[in-house]
Amino acid sequence: MSCKKSILFVCLGNICRSPAAEGVFNSLIKNDSAEELFIVDSAGTYGGHAGDLPDSRMRKAALKRGYDLTSRSRKVITNDFDIFDIIVAMDDSNYDNLIELAPTIEDRDKVCKFADYIISYDIDHVPDPYYEGAEGFEYVLDLLEDGCKNLIAAVK
Ligand code: 4NP
């Protein structure tokens, strides 16, 4: 049995928030020499961007902070509940969709909200930056950096 923790970050389109969360998380565990302890992926509840790279605005904002986002968008599937230990929703709508998708009661317990790990900001969700200006993407990255740090500390 593997003792790795597998974590799936989920947003709506899997082109802004969750691929950025994946990139930030991967960077933090790399700096921590803890890469071998985790399997990390991201997905979206909406499959309309499947196969796409992250949104160019998010890629640009992330790269400025040293995160090179190269994952391809995919839709979350029921089988993800067999693969992942922790499934992290970016907002309440993502959370509700994941709870609905969970095949069993036990699988529902794998779903949590990213904002539960945000401690430096008083916010209960990671806002969708898709229709926002550049500052929306910076704010999402601020939230993700804070939450990923605390998530790693919580699951390690
Ligand atoms: P994400 O942002 O859920 O953070 O990836 C969005 C990306 C695309 C759309 C909405 C939100 N969309 O409507 O296409």
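Residues numbered from 1 in each chain as written. Predicted model: local features only at pLDDT ≥ 70, side-chain atom pairs only at ≥ 80, totals over all residues. Heavy atoms only, no water.

1. Some thoughts on the overall build of the protein chain
Part 1 of the argument: Counting its secondary structure elements, the protein chain contains six helices and four strands.
Part 2 of the argument: Helices and strands appear in the protein chain in the N-to-C order β-α-β-α-α-β-α-α-β-α.
Part 3 of the argument: For the protein chain, the C-alpha atoms occupy an extent of roughly 40 × 35 × 30 Å along the three principal directions.
Part 4 of the argument: Expressed as a percentage of its 156 residues, the buried residues of the protein chain come to 47%.
Part 5 of the argument: About 7,900 Å² of surface is accessible on the protein chain, with carbon and sulfur atoms providing 49% of the total.
Part 6 of the argument: On the protein chain, the mean spot of the 17 positive side-chain charges and the mean spot of the 28 negative ones are 5 Å from each other. (Helix = DSSP H or I, 4+ residues; strand = E, 2+ residues; numbered from the N terminus. Buried < 20%, exposed > 50% of the residue type's maximum accessible area, 1.4 Å probe, protein only. Areas by Shrake-Rupley, 256 points an atom, 1.4 Å probe, with all protein chains shown as cover. Lys, Arg positive; Asp, Glu negative; His and termini not counted. Charge placed at Lys NZ, Arg CZ, Asp CG, Glu CD.)

2. A few points about the pattern of salt bridges
Part 1 of the argument: All told, the structure shown has 12 salt bridges when counted by the stated rule.
Part 2 of the argument: Between R65 and E145 there is a salt bridge; the shortest N-O distance is 3.0 Å. In this pair, R65 is assigned in the loop between α2 (56–64) and α3 (80–83) and E145 in helix α6 (residues 134–155), connecting sequence segments 80 residues apart.
Part 3 of the argument: By relative accessible area, R65 is classed as partly exposed at 26%.
Part 4 of the argument: One salt bridge connects K110 with D107, and the closest N-O pair in it is separated by 3.9 Å.
Part 5 of the argument: Taken together, the shared-partner salt bridges in this structure form one network comprising K64, R65, E138, D142 and E145. (Salt bridge = Lys/Arg side-chain N within 4 Å of Asp/Glu carboxyl O.)

3. Things to note about α2
Part 1 of the argument: Among the residues of α2, those classed as buried are M58, A61 and A62. Axial view of α2: buried residues confined to an arc of 100 degrees, hence all on one face. Facing away from the buried side of α2, by more than 90 degrees, are the exposed residues S56, K60, L63 and K64.
Part 2 of the argument: Contacts from the buried residues of α2 go to α1 (17–31) and α6.
Part 3 of the argument: Positive backbone phi, at 95 degrees, marks G66, one or two positions downstream of α2. (Arc of directions from axis to C-beta. Contact = heavy atoms within 4.5 Å.)

4. Brief notes about the site of the ligand
Part 1 of the argument: Lining the immediate environment of the ligand, one finds C11, L12, G13, N14, I15, C16, R17, Y46, H49, D128, Y130 and Y131.
Part 2 of the argument: I15 is positioned with one of its backbone polar atoms (N or O) 3.0 Å from an oxygen atom of the ligand.
Part 3 of the argument: Isolated, the ligand exposes 350 Å² of accessible area, and the fraction of that covered by the protein chains is 91%.
Part 4 of the argument: Looking at the shell around the ligand residue by residue, the class counts come to seven nonpolar, three polar and two charged. (Near = heavy atom within 4 Å. Polar contact = N/O pair within 3.5 Å; in protein donor to acceptor, adjacent residues only side chain to side chain. Nonpolar A, V, L, I, M, F, W, Y, C, P; charged D, E, K, R; others polar.)

5. Digging into the packing of aromatic side chains
Part 1 of the argument: Evaluation of the coordinates by the stated rule reveals five aromatic pairs.
Part 2 of the argument: Between F25 and F38, the ring centres sit 5.2 Å apart and the planes meet at 85 degrees, which makes this aromatic pair edge-to-face. One end of the pair, F25, is in helix α1; the other, F38, is in strand β2 (residues 38–44), with 13 residues separating them in the sequence. Of the two residues, F25 and F38, neither departs from the other in class, the shared state being buried.
Part 3 of the argument: Three or more aromatic residues joined by ring pairs form one cluster here, namely F9, F25, F38 and F114.
Part 4 of the argument: Sitting over the face of the ring of Y130, R57 holds its NZ or CZ atom 5.4 Å from the ring centroid.
Part 5 of the argument: One residue, K113, lies across the ring of Y95, its end atom 4.7 Å from the ring centre. (Phe/Tyr/Trp six-rings, centres within 6.5 Å; stacked < 30°, edge-to-face > 60°. Lys NZ or Arg CZ within 6 Å of the ring centre and 35° of its normal.)

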